[in-house]
Amino acid sequence: MQTVIRGLTTSLNSAGRYKFKSPEAAVDHIVIGGGVVGLAVARALLRRFPDKSTILIERHTRLGEETSSRNSEVIHAGLYYPPNSLKTRLCLRGRQMLYAYCAKHNVPFQRLGKLVVGREEQRGYLTTLHAKARVMSAPPRWDDSTHTQVLPTEMLNGDAARERVPNLAREITAALWSPSTGIVDSATLLCHLEKDVEEAAGIIAYATRAVRIDASTEGEPGWIVQTVTSSKENAAGNPDATFARLLINAAGLGATSVLNEILPPSRRVPLYYARGAYATYRGPGIRRISHLVYPAEEASAIKGASFHSLGTHLTLDMAGNVRFGPDIDWLSVPHSATRDEDVWEAHLSTDAQRARSMYAAVSRYLPGVEPEGFQPDYVGIRPKLAPPGAPFQDFVVRTDYADERDGTAPMISLLGIESPGLTSSLALAEMIVEDMLVGMFERRS
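Residues take numbers from 1 onward in each chain, read along the sequence in its written order. Only residues with pLDDT of at least 70 get local features here, since the model is predicted, and only at 80 or more are side-chain atom pairs given and counted; chain-wide, interface and lining totals rely on the full set of residues. Excluded from the side-chain calculation are hydrogens and water; included are all heavy atoms of the structure.

1. Section: the overall build of the protein
- A run of H or I in DSSP becomes a helix once it reaches four residues, and a run of E becomes a strand once it reaches two; helices and strands are each numbered from the N terminus. Tallying secondary structure elements over the protein gives ten helices and 20 strands in all.
- For the protein, whose C-alpha radius of gyration is 22 Å, the value lies close to the compact-globule estimate of 22 Å for 445 residues.
- Projected onto its principal axes, the C-alpha coordinates of the protein cover approximately 70 × 50 × 40 Å.
- We call a residue buried when its accessible area falls under 20% of the maximum for its residue type, exposed when it is over 50%, and partly exposed in between, using a 1.4 Å probe and counting protein chains only. Buried positions account for 58% of the 445 residues belonging to the protein.
- The Shrake-Rupley method, run with a 1.4 Å probe, gives the accessible areas here. Residue values count only the displayed protein chains as cover. Split by element, the accessible area of the protein, about 18800 Å² in all, is 49% carbon and sulfur.
- In summary, the charge assignment counts Lys and Arg as positive and Asp and Glu as negative, without counting His or the chain termini. Where a charge lies is defined by one atom per residue type, namely NZ (Lys), CZ (Arg), CG (Asp) and CD (Glu). Each charge class in the protein was averaged separately, 49 positive and 49 negative side chains, and the resulting centres sit 3 Å apart. Every radius of gyration here is taken over C-alpha atoms, with the globule rule written as 2.2 Å times N^0.38, N being the number of residues.

In structure tokens:
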């Protein structure tokens, strides 16, 4: 009997602990969430509106402690998703922006290229990806001066693929080469974005949790955001209330809980959590590895379901060390859960048995690897808007207004920002600020 996976539909203040409080201060912009996306949005707001005040709220003591630092650190090319989806458009533009940003700011990155490898029965899937890439149109704001082809790919036969990755299985008869795929040092990227925000006079409130949000329509419309800072001075958890004219919800694993705070129970958005473990590998079977290697999706023939995972793939870190992952394990929400951390926080450790269980998946395309070479590394949690078996789910960028009557004081929620969220981060920020907010503000002036 298949286990039913429950999603989390609670809000920040589901328990009703925090009562309404009048604001004690006012700012132009509040960004909730200090991952790579929240930082990118705060940076874009400060660059576009330098005379306005921006505060970024991060619930941890350091930035990027959740999805941003627990992923494959891959700069994705944009191969897999429907051409007109936000995931594709923002991945394409974001990849271009991220490479340029890293080069300008000396953020370590490598354009290693990727092989998507398959057996004969998966040749059709790879051919379809190649055909889609050849006709891919440029996304909005694409810079033609730096890249002539939007999504370069090349079809290879098995022997040509083995010239690049000598230890590939003889059963691999087709591969798709993606030269624009790369890797990035995500920790250094986060540090540079943090520096950008602070040098532009933005304020980052660390160890500060949003606990209640209210729309304010009396006088100037906006949002009253109550926060609690974990510090000795505020050990009792007394909230501060701040009025914001614009609210950006980039809370990642907590984004639906932030949104649900302003929605009636019948309209609340559930979030599902997919756990993915990674393993390091030291041993035989990976001779002269210098590219990323992804298996063609085992579920490629199943419409939609394949989008939940790209398979247990081989990536490299900046030092050239081999890493496999992530696998996928859906977490069901406990009946006692009142916060998103209640779901995922206890699932961030892995063990040797789980690492070695990856051997079966990896050995299908790299048969020379040995189980003993797999060692547990780290675990990431992916925020999913759809449960297992659901069709493709795109990124969701949703706008609500403090005053719905005239569409003023927006709250923009970024939901389901999983892979390729790191690659897309700068493009997401560009779209929100340049395409959504600038036009919105210009119409009102």
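Still more ground to cover, so stick around.
2. Brief notes about helix 2 (residues 86–105)
- When the terminal C-alpha atoms of helix 2 are compared, their 27 Å separation across 20 residues agrees well with the 28 Å that a helix rising 1.5 Å per residue should span.
- Extensive coverage of helix 2 is indicated by the burial of 15 of its 20 residues.
- Downstream of helix 2 by a residue or two, Asn106 has a phi angle that is positive, lying close to 60 degrees. The span you would expect from a helix comes to 1.5 Å times its residue count less one.

3. Notes on the packing of aromatic side chains
- Aromatic rings from Phe, Tyr and Trp, taking only the six-membered ring of Trp, are treated as a pair when their centres fall within 6.5 Å; an angle between ring planes under 30 degrees marks them as stacked, one over 60 as edge-to-face, and anything in between as tilted. Under the defined criterion, the tally for this structure stands at eight aromatic pairs.
- Considering the side-chain rings of Tyr81 and Phe392, the 5.8 Å spacing of their centres and the 35 degrees angle between planes classify their relative orientation as tilted. A residue pair is termed long-range when its members are at least 10 positions apart, and Tyr81 in the loop between strand 3 (74–75) and helix 2 and Phe392 in the loop between strand 18 (374–384) and strand 19 (396–403) qualify at 311 residues.
- We classify Phe392 as partly exposed; its relative accessible area is 23%.
- The structure contains a cluster of three or more aromatic residues connected by ring pairs, namely Tyr281, Phe324, Tyr359 and Phe374.

4. Some remarks on the confidence of the model for the protein
- On a scale of 0 to 100, pLDDT captures the predictor's confidence in every residue. When pLDDT is averaged along the protein, the result is 93; 94% of the residues meet or exceed 70.
- Contacts are assigned to residue pairs with any non-hydrogen atoms lying within 4.5 Å of each other. A low-confidence stretch, residues 299–306 (pLDDT under 50), is modelled with nine contacts involving residues beyond four sequence positions or located in other chains.

5. Quick word on the nonpolar core
- As used here, the term nonpolar core means buried Ala, Val, Leu, Ile, Met, Phe, Trp, Tyr and Cys residues forming a set that is joined through side-chain atoms within 4.5 Å. Core analysis: the biggest nonpolar cluster contains 83 residues, and Leu168, Leu314, Phe324, Tyr365 and Leu366 have the highest contact counts within it.
- Among residues more than four places away in sequence, those in contact with Phe324 are Ala277, Tyr278, Ala279, Tyr281, Thr312, His313, Leu314, Met358, Val362, Tyr365, Leu366 and Phe374.
- The next biggest cluster of nonpolar side chains, apart from the first, holds 46 residues, and it includes Leu39, Met97, Ile248 and Ala250.

6. Description of the environment of Gly254
- Mapping Gly254 onto the fold places it in the loop between strand 12 (240–249) and helix 6 (255–260).
- Here Gly254 falls in the buried class, since its relative accessible area comes to 4%.
- A C-alpha to C-alpha distance of 9.2 Å links Gly254 and Leu415, two positions 161 residues apart in sequence.
- What Gly254 contacts, discounting residues up to four positions off in sequence, is Arg59 and Asp340.

7. Some words on the pattern of salt bridges
- Criterion for a salt bridge: a side-chain nitrogen of Lys or Arg within 4 Å of a carboxyl oxygen of Asp or Glu. Counted under the stated rule, the structure contains 27 salt bridges.
- When the shortest N-O distance is used, the salt bridge between Asp28 and Arg245 registers 3.2 Å. Here Arg245 lies in strand 12 and Asp28 lies in strand 1 (residues 25–32), a separation of 217 residues in the sequence.
- Judged by relative accessible area, Asp28 falls into the buried class, the value being 15%.
- On the basis of relative accessibility, which here comes to 31%, the residue Arg245 falls in the partly exposed class.

8. Quick look at the sheet that holds strand 4 (residues 109–110)
- Ordered in space as 3-8-4, the three strands form an open sheet in which the pairing is antiparallel. In this open sheet, the two strands that pair with only one neighbour each are strand 3 and strand 4.
- The pairing criterion is simple: DSSP has to find at least two bridges between the two strands. Sheet topology note: the strand 4/strand 8 (residues 182–184) ladder contains two bridges and is antiparallel. Opposite Phe109, over in strand 8, you have Val184 as the bridge partner.

9. Some words on unusual backbone geometry
- A cis amide bond, omega -5 degrees, links Gly325 with the succeeding residue Pro326.
- Inspection of the secondary structure puts Pro326 in the loop between strand 16 (322–325) and strand 17 (329–331).
- Each neighbour pair has its own omega, and for Ser419 with Pro420 the value is 5 degrees, a cis peptide bond.
- Within the secondary structure, Pro420 sits in the loop between strand 20 (408–415) and helix 10 (421–444).
- With a phi close to 60 degrees, Asn106 is a non-glycine residue in the positive phi region.
- Structurally, Asn106 is set in the loop between helix 2 and strand 4.
- Look at Arg141: it is not a glycine, yet its phi comes out positive at around 70 degrees.
- Locating Arg141 in the fold gives a position in the loop between helix 3 (123–134) and strand 6 (154–157).

10. Considerations on helix 5 (residues 186–199)
- Taking 1.5 Å as the rise per residue, helix 5 with 14 residues should run 20 Å; its terminal C-alpha atoms sit 20 Å apart, in good agreement.
- Those residues of helix 5 that sit buried are Ser186, Leu189, Leu190, His192, Leu193, Glu194, Asp196 and Val197.
- N or O atoms closer than or at 3.5 Å make up a polar contact, with two conditions inside protein: a donor-capable atom paired with an acceptor-capable one, and, for residues adjacent in sequence, both atoms drawn from side chains. Sitting at the amino-terminal end of helix 5 is Asp185, which places a side-chain oxygen 3.2 Å from the backbone nitrogen of Ala187.
- Taken from the residues just after helix 5, Ala201 is the one with a positive phi, measuring 75 degrees.

11. Description of the side chain of Lys384
- Position of Lys384 relative to the elements: it lies in strand 18.
- A polar side-chain atom of Lys384 sits 2.8 Å from a polar atom in the side chain of Glu418.

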